[in-house]
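# Architecture at a glance
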Amino acid sequence: MGKTIAEKIFEAHAVDRPTPDTWVLRLDAVFCHEITTPVAINDLVARGKDRVFDPAKIKAVIDHVTPAKDGKTAAQGKILRQWARRHGIKDFFDIGRNGVCHALFPEKGFVRPGYTVIMGDSHTCTHGAFGAFAAGVGTTDLEVGILKGVCAFRAPATLKLNIHGSLPAGVYAKDVILSIIGRIGVNGATNKVIQFEGPAVTAMTMEERMTLCNMAIEAGATCGICPPDRTTVGYLWPFIQDEFESPEAALAEYTRFAPDPDAVYDQVIDHDISELAPQVTFGYKPDNVKPVTEMAGTPIDQVYIGSCTNGRIDDLRVAAKVLEGKQIDPNVRGIVSPATPDIFKQALAEGIIATFMAAGFCVTNPTCGACLGMSNGVLADGEVCAATTNRNFNGRMGKGGMVHLMSPATAAASAIAGAIAQSPLFKTTEGSN
Amino acid sequence: MKDFNGEVLFLDRSDINTDEIIPARYLTEISKEALAPHLLEDLSLEEFDAATDIAGKRAVVSRANFGCGSSREHAPWALEVNGITVVIAAGFARIFRQNMFNCGMLAIELPEAEIDRLFSRFAGKPTHLETDFDAGRLTFHSEGDSETIPFTVSDFDRALVQAGGWVEYADARY
Ligand code: SF4
């Protein structure tokens, strides 16, 4: 019987099966940030188990609230910083080198096809874009990951999502994943792995695949996963060129984890995007999704461009293209947070930062910032934000605030209009929805 | 292994969720102990007062779908730092249940009829729980009354409880 990507990764990493349904897997990477890791560190210290399984496989960053905004966030940073120092964790990213975890770690080449990765963060699923099994976990699992380099999972049921067609001009990976979540619902993939496949995925860049996998959790999935291919190898080549003779050799090694043609799936869904139009959420659930045209004119108070979903260089390029030579509405607060220092530098070099500033945007340092409503653009009661982030839960960006999720192009167009608006990069064709 | 013997707190409602067990506003705390004063703070239930009814309790008896809502482990922790190591209910949210065993605590599911009987016989009276973990028996005592009920847990969950939780189990084994 053939196997899915997740099944192949599980078999290659299994260290124990305490029950038929429970797989204890060896971990290739444990990622840490300052919100969820300090509790795990403190608990390990209290148990007299202040150890790490392998400092080279642990990567840590202060990204959610940085620079610290108050005593509590300063204390969180301090615990992580001191822990990284005392255990010799070299890949620790602090002020000046830090950025949003799920953008920074891929950029550093920390994720490879076939890897098992955990983090105390629900959007860890992003790293599945590389053909890895990457899952968000709770604190006890994180503790065990840090201490022993293992984690227990249930046997992975896989939902195969075949994405057909090609992206129409002005439509982006964000619109694709919003349309998928709108279709299958917030529980559509609960406790499953979503294996994203098909011509549309093959055509996507790694950045686009990360956007796709990033929101798998919003459909309840443990992980999103894309089969490793030439694009994956091309992205990773600078980091792996000493390990392989040629990109072909790397590809041959990584396609060990490609799904077998006769793999068995829990469910298969075919999703055609050739007629897709830009999408936006309404309400407080990420599966409340509509075409932008149906929401156009909804007034907004703030626009936020950033996060692990859409704070990468291509996202900023697209937004800047829309903003070029324009001014944002005087009643709108525009905030852009490039996701990592390298993205920031690249955006500076390309004049993108200048375009944002000329349009009236505030440019912040790389951080999660407003995405989780803790700093850098928290909403007041009753305020509305057009955001390129991934969660529109009630109160996510501030108590009483409303968040509409959309692509960077739609967010930029909305900033100019002062209300949700269709991006000029999208050319409506008859019959599109 | 933790201590599973002591006084019982009856919470007569289904679907008690993780926000009622520990409100989200305390998630920024960086130690388990800091959660202690806030257990069940937002639960509004007739004849329940968090300020007076939690102290000294070891076990909770409740109804269906206990621990639904978020997957946060703060819910079992908030129980643990208050000395509550056993929850007996007519059903649990899956993640909450696993989190309990991961913390070396007991989440015991009993048939609805048994739960009904426990409420009618013991709720409102000072009740003591005696747990024979190896034999799989729970014995409830109140003045002049007692009842023994068998329970089962899977071998893996049993091993987690014996080890004192997933951290200890994994550290000893892998
Ligand atoms: S950008 Fe938002 S969703 Fe992504 S890791 Fe940060 S807080 Fe979480």
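Chain B goes by 3-isopropylmalate dehydratase in an unreviewed UniProt entry, where it is assigned to Desulfatitalea alkaliphila. Entered under Pathway (unreviewed entry) in the UniProt record, the comment concerning chain B runs "Amino-acid biosynthesis; L-leucine biosynthesis; L-leucine from 3-methyl-2-oxobutanoate: step 2/4." In its Subunit (unreviewed entry) section, UniProt records this for chain B: "Heterodimer of LeuC and LeuD."

Per an unreviewed UniProt entry, the recorded name for chain A is 3-isopropylmalate dehydratase large subunit, and the organism is Desulfatitalea alkaliphila. We quote the UniProt Cofactor (unreviewed entry) comment for chain A here in full: "[4Fe-4S] cluster".

## Overview of the overall build of chain A
Counting its regular elements, chain A contains 16 helices and 19 strands. Here the C-alpha radius of gyration of chain A, 21 Å, is about what a compact globule of 433 residues would show, namely 22 Å. Once the C-alpha set of chain A is aligned to its principal axes, its extents read approximately 55 × 55 × 40 Å. Here chain A holds 433 residues, and 62% of them are scored as buried. Taking as baseline every contact in chain A between residues at least 6 positions apart, the subset at least 24 positions apart corresponds to 75%.

## Thoughts on the interface of chain B and chain A
Contacts between the two partners involve 20 residues from chain B, matched on the other side by 32 residues from chain A. Here chain B packs against chain A, burying approximately 2300 Å² in sum over the two surfaces, 56% of which is carbon and sulfur. Its largest share of buried area at the contact with chain A, chain B owes to Ile30, Val167 and Tyr174 of chain B, together 30% of the area lost on that side. Between the two partners, chain B and chain A, sit 8 salt bridges. The partner of aspartate 171 of chain B in a salt bridge is lysine 49 of chain A, and the shortest N-O contact between them spans 2.8 Å.

## A short note on the site of the ligand
Residues and elements named next belong to chain A. The full set close to the ligand counts 13 residues, and His123, Cys308, Cys368, Cys371 and Asn390 are the nearest of them. Broken down by secondary-structure element, the contributors of at least two residues to the shell around the ligand are helix 4 (101-107) and helix 12 (307-310). In the shell around the ligand, the residues fall into 6 nonpolar, 5 polar and 2 charged. When residues of the shell around the ligand are assigned to domains, at least three map to each of domain 1 (5-271) and domain 2 (281-417).

## Considering unusual backbone geometry
The linkage connecting threonine 66 of chain A with the following residue, proline 67 of chain A, adopts the cis geometry, with an omega of -5°. Located in the positive-phi region is asparagine 376 of chain A, a residue other than glycine, with phi close to 55°. Relative to the helices and strands, asparagine 376 of chain A resides in the loop between strand 17 (361-363) and strand 18 (384-387). Relative accessible area serves as the criterion here: at 32%, asparagine 376 of chain A is assigned to the partly exposed category. One non-glycine residue, aspartate 15 of chain B, adopts positive backbone phi at about 60°. If you trace the backbone, aspartate 15 of chain B turns up in the loop between strand 1 (6-10) and helix 1 (18-21).

## Quick notes on the environment of valine 111 of chain A
Residues and elements named next belong to chain A. Tracing the backbone shows valine 111 in the loop between helix 4 and strand 6 (116-119). Between the C-alpha atom of valine 111 and that of threonine 158, which follows or precedes it by 47 residues, the distance is 21 Å. Not counting the four nearest positions on each side in its chain, valine 111 is found in contact with Phe31, Val117, His127, Phe130, Ala132 and Leu236.

## Thoughts on the sheet that holds strand 9 (residues 157-164) of chain A
Residue and element names in this part refer to chain A. Read across the open sheet, the 4 strands follow the order 11-10-9-12; overall the sheet is parallel. Where the open sheet ends on each side, the last strands, each with one partner, are strand 11 (223-225) and strand 12 (267-272). Strand-to-strand twist across the sheet, computed as the mean angle between neighbouring axes with direction ignored, equals 20°. Here strand 10 (residues 192-197) runs beside strand 11; their pairing, made up of 3 bridges, is parallel. When the sheet's bridge partners are listed, glutamine 195 is paired in strand 11 with isoleucine 225. Along the sheet, helix 6 (residues 173-184) contacts strand 9, strand 10 and strand 12; its crossing angle with strand 12, the most-contacted strand, is approximately 130°.

Rules behind the numbers
Residues numbered from 1 in each chain as written. Chains lettered and ligands numbered in written order. Predicted model: local features only at pLDDT ≥ 70, side-chain atom pairs only at ≥ 80, totals over all residues. Heavy atoms only, no water. UniProt positions renumbered as here; feature names shortened; annotations may be inferred. Helix = DSSP H or I, 4+ residues; strand = E, 2+ residues; numbered from the N terminus. Rg over C-alpha atoms; globule rule 2.2 N^0.38 Å. Buried < 20%, exposed > 50% of the residue type's maximum accessible area, 1.4 Å probe, protein only. Contact = heavy atoms within 4.5 Å. Buried area = accessible area lost by both parts, 1.4 Å probe. Salt bridge = Lys/Arg side-chain N within 4 Å of Asp/Glu carboxyl O. Near = heavy atom within 4 Å. Nonpolar A, V, L, I, M, F, W, Y, C, P; charged D, E, K, R; others polar. Domains from an automatic or database assignment. Pairing = 2+ DSSP bridges. Axes fitted to C-alpha atoms, helices over the stretch in contact; angles between N-to-C directions.

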